[in-house]
Amino acid sequence: LVPLLAEEYYQDQLMEDESGAVIVQTAPGKVITHRGGSITLPCRYHHEPENTDPDRIRIKWTKVSDTLQFEDVFVALGRKERVFGSYRGRVSLELAGPGDASIIIHNVTLEDYGRYECEVTSDMEDDTGFVNLDLEGVVFPYYPSTGRYRLNYHEAEETCRQQDAILASHGQLHKAWLDGLDWCNAGWLDDGSVQYPIAHPRDQCGRKDTPAGVRNYGYRHKEDERYDAFCFTSNLNGRVYFLKRFKKVNYLEALKACQRDGAAMAKVGQVYAAWKIQLLDRCEAGWLEDGSIRYPIVNPRARCGGPDPGVRNLGFPDKKFRLYGVYCFRKNESGDTRPMKASFKMSSKATNGTRVI
């Protein structure tokens with residue numbers, strides 16, 4: 001197929017379908033950005049007859065969850081507009097010309113990930129289209145200092161938030177498995193299901209003769225049942241770094257050292273994002289905010305924890321008597337918030353920081 005520019009794609013599709021008074025076209029595949037960026041969710045409409053009063057056109061955007069829950073995002077009727085909830089101050093119409101119902105989301109958050117419905121209504125006629133917003137990022141398994149299988153669903157949600165992340169979706173976990181994630185402990189996902197990814201089948205993880213894949217326990221009781229968590233995080237508005245010191249320190253000394261350096265102790269999600277996106281590679285174990293000891297390895301080498309890249313986890317040692325280095329996080333003072341335009345090329349390669357797949 002020959003790639004089409006957005007305008008060519010819309011015109012092609014609109015000429016093929018004249019069955020309704022209002023025809024909506026949205027982006028095929030996904031639009032992809034990262035946390036902190038700005039992204040256009042493309043949506044165009046065509047109306048018959050073309051001289052319809054624009055003040056009678058109603059544009060509504062809604063976020064649709066995997067469990068078919070609906071969250072209002074934006075609505076416009078003529079020149080009147082309203083933005084809802086956490087989207088207030090961050091969403092606006094693109095206004096790229098007649099028939100444009102696209103919106104721009106600024107300062108994209110982790111929670112913005114998901115499926116959006118664009119609905120255009122004129123009098124008694126309406127049509128809808130869908131846009132899938134994906135985020136570049138990383139999935140990581142997490143369990144607290146109290147041990148494995150200690151979190152109900154709500155505690156898992158809060159635990160991921162504390163680590164600068166959210167509960168991962170099935171799609172995000174599946175992509176992580178395709179990229180090689182192998183973890184033999186079941187964890188909560190955002191839809192209330194419990195799953196775990198196995199890249200190398202073995203008897204300790206559901207039998208060696210079963211195929212590789214994402215194992216699924218199904219939807220579990222959110223209050224009573226306890227598992228680990230699979231968290232997802234994205235681009236950092238700042239930098240994680242290993243604080244160079246002449247001596248190793250305990251947890252409290254590490255906390256104060258980062259503060260004296262104008263930073264905070266890094267969270268687990270921040271270290272994973274720095275490893276995956278900023279390619280942080282450091283063969284020195286250090287304290288993180290949750291009391292764990294970890295270090296990120298991009299290029300595996302001798303005496304750095306095994307043959308595979310990843311964030312090494314040495315557990316939760318005694319905070320008072322065990323001595324290590326420390327990873328700090330310093331937030332950027334400002335960031336680039338220019339909107340990313342979604343092209344309609346069927347490609348998986350990066351284009352100006354945004355991909356459509």
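Residues numbered from 1 in each chain as written. Predicted model: local features only at pLDDT ≥ 70, side-chain atom pairs only at ≥ 80, totals over all residues. Heavy atoms only, no water.

Enquirer: Explain the overall build of the protein to me, please; I cannot follow it from the model alone.
Expert: Scanning the protein for helices and strands turns up 5 helices and 25 strands. Taking all 357 residues of the protein together, 47% fall into the buried category. Looking at the protein alone, contacts between residues at least 24 apart form 61% of all its contacts between residues at least 6 apart. (Helix = DSSP H or I, 4+ residues; strand = E, 2+ residues; numbered from the N terminus. Buried < 20%, exposed > 50% of the residue type's maximum accessible area, 1.4 Å probe, protein only. Contact = heavy atoms within 4.5 Å.)

Enquirer: Can you walk me through the side chain of Thr62 in this structure?
Expert: Mapped onto the fold, Thr62 is located in strand β5 (residues 57–64). Among the residues examined, Thr62 registers a relative accessible area of 5% and is labelled buried. With sequence-adjacent residues up to four places away left out, Thr62 is seen in contact with Phe70, Glu71, Asp72, Val73, Arg115, Tyr116 and Glu117.

Enquirer: What exactly am I supposed to notice about the state of the cysteines here?
Expert: One way to say it: the disulfide is the covalent bond shared by the sulfur atoms of two cysteines. The final tally for this structure, using the stated rule, is 5 disulfides. Between the sulfur atoms of Cys258 and its disulfide mate Cys328 the distance is 2.0 Å. Across the S-S bond linking Cys258 and Cys328, the dihedral sits near -80°, which makes this disulfide left-handed. On the criterion of sequence distance, the pair formed by Cys258 in helix α4 (residues 251–260) and Cys328 in strand β23 (residues 325–331) is long-range, its members being 70 residues apart. The disulfide that involves Cys283 links it to Cys304, with 2.1 Å between the sulfurs. On the sign convention where negative is left-handed, the bridge of Cys283 and Cys304, at about -115° about the S-S bond, is left-handed. Remark: Cys304 occurs in the loop between β21 (293–297) and β22 (310–313) and Cys283 occurs in the loop between α5 (268–276) and β20 (286–287); sequence separation between them is 21 residues. Given the relative accessible area of 30%, Cys283 is considered partly exposed. (Disulfide = S-S within 2.5 Å.)

Enquirer: I would appreciate a short explanation of helix α3 (residues 170–178) in the present structure.
Expert: Each α-helix turn comprises 3.6 residues. Residues three or four places apart therefore point the same way. Turning to α3, its buried residues number three or more, namely Gln172, Leu173, Ala176 and Trp177. Down the axis of α3, the buried side of the element spans an arc of 140°, and every buried residue falls inside it. Looking at the buried residues of α3, the elements they touch are β12 (137–142), β13 (166–167), β15 (193–198), β16 (213–219) and β17 (228–234). Among the residues trailing α3, Gly180 stands out with phi positive, at a value near 115°. (Arc of directions from axis to C-beta.)

Enquirer: Which parts of the structure should I look at to understand the confidence of the model for the protein?
Expert: Should the pLDDT be low somewhere, the predicted coordinates at that spot are not to be read in detail. When pLDDT is averaged along the protein, the result is 88, and 87% of the positions lie at 70 or above. Every residue in residues 343–357 is under pLDDT 50, and counting partners more than four places away or in other chains gives 42 contacts. (pLDDT = per-residue confidence, 0-100.)

Enquirer: How should I be thinking about unusual backbone geometry in this particular structure?
Expert: Leaving glycine out, the prevailing phi sign among residues is negative, and the prevailing peptide bond configuration is trans. Although it is not a glycine, Asn107 sits at a positive phi angle of roughly 45°. Examined against the element boundaries, Asn107 turns out to sit in the loop between β9 (103–105) and β10 (114–122). When its relative accessible area of 43% is taken as the criterion, Asn107 is described as partly exposed.

Enquirer: Where do I start with the packing of aromatic side chains in this structure?
Expert: Given two aromatic rings, one states the distance between the centres and the angle between the planes to describe the pair. Taken as a whole and judged by the stated rule, the model has 12 aromatic pairs. With centroids separated by 6.4 Å and ring planes inclined at 85°, the aromatic side chains of Tyr87 and Tyr116 adopt a geometry described as edge-to-face. Residue Tyr87 is found in the loop between β7 (80–83) and β8 (91–93), and its partner Tyr116 is found in strand β10; the two are separated by 29 residues along the sequence. Per residue, the accessibility class of Tyr87 equals that of Tyr116, and both read buried. Aromatic pair Tyr143 and Phe316: ring centres 6.4 Å apart, planes at 65°, arrangement edge-to-face. Of this pair, Tyr143 sits in the loop between β12 and α2 (153–162) while Phe316 is found in the loop between β22 and β23, placing the two residues 173 residues apart along the sequence. On the accessibility criterion, Tyr143 (17% relative accessible area) is buried. Note on Phe316: relative accessible area 24%, which makes it partly exposed. Taken together, Tyr149, Tyr153, Trp188, Tyr196, Tyr217 and Tyr227 form an aromatic cluster joined through their ring pairs. (Phe/Tyr/Trp six-rings, centres within 6.5 Å; stacked < 30°, edge-to-face > 60°.)

Enquirer: How do you make sense of the side chain of Asp228 when you look at a structure like this?
Expert: Mapped onto the elements, Asp228 comes out in strand β17. With relative accessibility at 2%, the residue Asp228 sits in the buried group. Excluding anything up to four places from it in sequence, Asp228 contacts Tyr142, Tyr143, Arg148, Tyr149, Leu151, Trp183, Asn185, Ala186, Gly187 and Trp188.

Enquirer: What am I meant to see in the pattern of salt bridges here?
Expert: Side-chain pairing between opposite charges can occur once the charged atoms of the two side chains come close. Tallied over the entire structure, the rule returns 17 salt bridges. Linking Asp182 and Arg202 is a salt bridge whose minimum nitrogen-to-oxygen distance equals 2.6 Å. Remark: Arg202 occurs in the loop between β15 and β16 and Asp182 occurs in the loop between α3 and β14 (187–188); sequence separation between them is 20 residues. The class for Arg202 is partly exposed, based on a relative accessible area of 23%. (Salt bridge = Lys/Arg side-chain N within 4 Å of Asp/Glu carboxyl O.)

Enquirer: What's the story with the environment of Arg226 in this structure? I'm lost.
Expert: The topology assignment puts Arg226 in the loop between β16 and β17. Taking the relative accessible area as the measure of exposure, Arg226 reaches 36% and is therefore partly exposed. Through-space distance from the C-alpha of Arg226 to that of Ala186 is 9.6 Å; in sequence the pair is 40 residues apart. When near neighbours in sequence (up to four residues on either side) are disregarded, Arg226 contacts Tyr149, Arg150, Leu151, Asn152 and Glu155. One polar contact links the side chain of Arg226 to the main-chain carbonyl oxygen of Arg150, over a distance of 2.9 Å. A distance of 2.6 Å separates polar atoms of two side chains, one belonging to Arg226 and the other to Glu155. (Polar contact = N/O pair within 3.5 Å; in protein donor to acceptor, adjacent residues only side chain to side chain.)

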